[in-house]
Structure formats: structure tokens, C-alpha cells
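Commentary on secondary and tertiary structure
Residues per chain are reported as follows:
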Amino acid sequence: MHTRYWPWVLTTALLASVACGQSPERGSTEMAYDEASEAYGATEDPEERVAIAKEFLARYPDTERTADALANAVWPLIEDLEQPDEAYELFDTYLPGISDAETRLDAQKVLAILHSKTGKLDELDALAATMIEEHEFQFTDYLDLLETAVEAEAWELVSRQADASLVLANPEAFKTQWPDISDEDAESWGHRRQAYVAAYKGWALENLGQHDQALTTFAENADKTTYTFLGVDDTPLHLYWGQSLLRQGRPEEAMERLTLEALFGSKEAMDTFHKAWVASHGSDDGLEDRLWALRMEHSKPLPEFALANYENETIETRAMAGEVMLISAWSPT
Amino acid sequence: MELPRIEPLWQKYKDQGFTAIAIETSRDREGALEFVTENSLTYHFLEDIEGDGNVVADKLQIYGQPTTYLVDRNGQIVFTHIGFEEGDELQMEEEIKKLLGP
């Protein structure tokens, strides 16, 4: 199926493929899924896409691809065709029959997104409880749920699940899961998870009107985050911190908090920076110049590398000194 | 998919000192070559295998795709594009022009 389905699913799939580093065994389910994916990708028509996904589901109602197929059916039903009832019907039909726990959890995550898109907050709440009871949640499962709850603006749920996930956001939890890692790494990763949770918790508090507690949550956890070499926060903490400050009528501080995220991170961060600028200056005037100056101040050098092309020639960045370079990471699937 | 949108930029600006590089991360050589051929892409297409590691995740710290870095003539990463939406290529072109300079 088209892989550009909801972002979290793509990320999970990418992480999984990076983690195992091998292509999956080509069983008949995989081959059928590949075929269906090709057909799905070949058409732009949402009704056709739904039909392709439904056909796969009918033939393979209980395989490791059933959750993906559900996502691929539901996505056009919601985004293009606005037929949530049909989407829900698919879950009524297929969710009970999924026997593999992991696939079942994936399918429940898609259902959670469906609830968030249709504003069914009570159902989302109940489903979250069911999921946590049925499965041993990994930290990434909490993150998926938190993201969905944020999308749904279910702030009570975000707050509660953020607190619940803290049990996995500490160095001991890391040591349990990966006994061979160093104490240093366990501490660093455990802290990063805490920062991740604090980002969601703080944002929930802000949206629940607890402004001071929100800012305190961000401030107290800011030194636990990690950063890419570009200086961008690995967690949403600085983004939500900036958004909270903006909402609290402190646009200058907002811009200061998420400068690097705006320059080199998400569009959301840039959008917030833009709004803060307008709030502070009354218009767009001067914004472009300011952003350019900040880019010049904060840009980092491209790490050197040398890789082979498909003619087995080595291409070195060193040889391209003085040129303007566009470098894009991609994969065909 | 953004890679086909880079081809016209490559054609337009390569004589002004612009280089375009796509790094394939899943080691799917067959799939990559198919894509390049189908879309008639002529800029640099590289495989992400540098010694024991990889460049995209380890050196460039790119964790999601598609992600694009734009580098100025001094080798500084000045613009990043995480994800891709229709129309982003227009902004990219403006950025490339700015980096190429007069």
C-alpha cells in the first residue's frame, strides 16, 4: 500500500526496518501485500484505494499485515471520503479476529487515531485503558498514544498517560531492557525519555489552563533533552515550551526558546516562531532578515562523507567545496 | 515524492555550482535503480554504506524521511526540510537561489 499513511505508522515501520536491517521473508502474505501496495500506489483515487485495501483484508483477515491494511483503508475513508462509519465498520469486522498480539496493538493504534479524528474522546479514553491492560506497553507505545491524544486534544488523557509512562522513562527501565548498556548511556536515554514525557505533560497542563505548572514542567526537564548536531531538540519539549509561552503572551521568550527548532526542525516550530514574531512586532516586517541572520549565526558544517553511486564510483563531499549542495535521504518503499 | 522535483532544479542550476545528492538508506539497490530509471533522474544517487556505519543516521542525524539539507558554499547546513508537501519545491528553489548568490 502507499506508505504515506499516518505519520506514526511510517515512523514505526522505519524504525523497525532500521532495527532489523534485513528485508522480510517473502511469504505469500508479503507478496500479496506488495502487490496490493503497488496497485494502491498506482491509483490516486481514494475509492479505488479503499477497495484494494478491503480486498486484501477480506483475503488476509488475520495476518501480520492486517493492521497496515486497516490503516490503508481508513486513511482515505477519513481524509478524502469523509466516511467514518465505514471506517468503524471495518474495525467491527476485523479487529476481533486478529490473533497476533502485536498486530492487534497496531490495529488498536489505528482505531485510536480514528477516534481522535472523529472527536470520540470517551471512546479514545476507554480504548487506551484497554490497550494498556491487554499489552505490555513499551515506551514507544506510550508515545504513540500520547501523540494521538494530543491530536485529539484529549488533555486529561495526555496528562494521565504522561504520568503513567514515567515508569518506563528512567535509567533502571533501560538497564532492565538492555542490560549491556553503560550506566552513562542508561542515564542519558532515561533522561531523554523523561524530557519527552515532560513535553507532553507540559503541553497538556498548558491546555488545561495550568499555565505556571506547564512552564515549570518544561523548565525543570529542559536539561534532560538531547539535541541533534544542528542544535534541534530531539523531543517536542522546546516546541511546546515555545507554544505555551506564545499563548501566555510572551512572544519574545517563545522565539528564544524555539529558535533552533524553527530554523532546522519542524514546520510547526517555524510556524510558531512566525506567529510569535507577528505578535511581538505587529507584522511580518523584518522577519525574513532576522531568520537569515539567525541561520548564519547557528548553522553547522555538513559532516564530510564519501559514498558510492550505482556505478560504484565514490562521490566525496570534500570534492564539492564551494558548491551549493542539496542532500536528500530517501528509500524506495 | 520529492526526488523527481529535484531533477528540474538540478538541470536548471548545476552550471551555477549546484549539486544534488540523494542517499538511499534501506540498501534496496533494485528498488532504488528502478525508481531512478522510471523517473529519469540524473543527479547523484548514492548508497548509504560507509565502512561499518551509515551516513544518514549516524553522521547527518536524519531519522525520518524524506529529509533534505541545503548546504551553502561554505559547507554550512543552512536550510532543512523535514517531510515533503506539494509546493515545498518552490521554497527550496528560492533557498537554492539565495545560497548560489549573484
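Residues numbered from 1 in each chain as written. Chains lettered and ligands numbered in written order. Predicted model: local features only at pLDDT ≥ 70, side-chain atom pairs only at ≥ 80, totals over all residues. Heavy atoms only, no water.

Now for the confidence of the model for chain B. On average, residues of chain B carry a pLDDT of 93, and 99% of them reach 70 or more. Both confidence scores are given for the complex: pTM 0.86, ipTM 0.97. (pLDDT = per-residue confidence, 0-100.)

Right, let's talk about the sheet that holds strand β3 (residues 67-71) of chain B for a bit. As summarised here, the arrangement of the six strands in space is β1(A)-β4(B)-β3(B)-β4(A)-β1(B)-β2(B), forming an open sheet in which the pairing is mixed. The open sheet is flanked by β1 (300-301) of chain A together with β2 (44-47) of chain B, the only strands paired with a single partner. Note: β3(B) against strand β4 (residues 76-82) of chain B, five bridges, orientation antiparallel. Bridge assignment links B:Tyr69 to a residue of β4(B), and that residue is B:Thr80. Against the sheet, helix α1 (residues 3-13) of chain B touches β4 (324-330) of chain A together with β1 (18-24) and β2 of chain B, its axis set at about 155° to β1(B). (Pairing = 2+ DSSP bridges. Helix = DSSP H or I, 4+ residues; strand = E, 2+ residues; numbered from the N terminus. Contact = heavy atoms within 4.5 Å. Axes fitted to C-alpha atoms, helices over the stretch in contact; angles between N-to-C directions.)

In terms of nonpolar packing, the biggest core is built from 101 residues, with A:Leu302, A:Phe305, A:Ile327, B:Ile23 and B:Leu60 touching the most fellow members. Looking at this core, the element that brings in the most residues is helix α11 (residues 183-207) of chain A, giving nine residues. With sequence-adjacent residues up to four places away left out, A:Leu302 is seen in contact with A:Thr317, A:Met325, A:Ile327, B:Leu60, B:Tyr69, B:Val71, B:Gly75 and B:Ile77. In terms of nonpolar packing, the next biggest core, distinct from the first, is built from 26 residues, A:Tyr310, A:Leu326, B:Ala20 and B:Phe45 among them. (Core = buried A, V, L, I, M, F, W, Y, C linked by side-chain atoms within 4.5 Å. Buried < 20%, exposed > 50% of the residue type's maximum accessible area, 1.4 Å probe, protein only.)

Moving on to unusual backbone geometry. The omega torsion of the bond from B:Gln65 to B:Pro66 falls at 0°, within 30 degrees of zero and hence cis. Within the secondary structure, B:Pro66 is located in the loop between α3 (55-59) and β3. Phi at A:Asn312 takes a positive value of approximately 60°, unusual for a residue other than glycine. Judged by relative accessible area, A:Asn312 falls into the exposed class, the value being 60%. Even without a glycine there, the phi angle at B:Arg27 is positive, about 60°.

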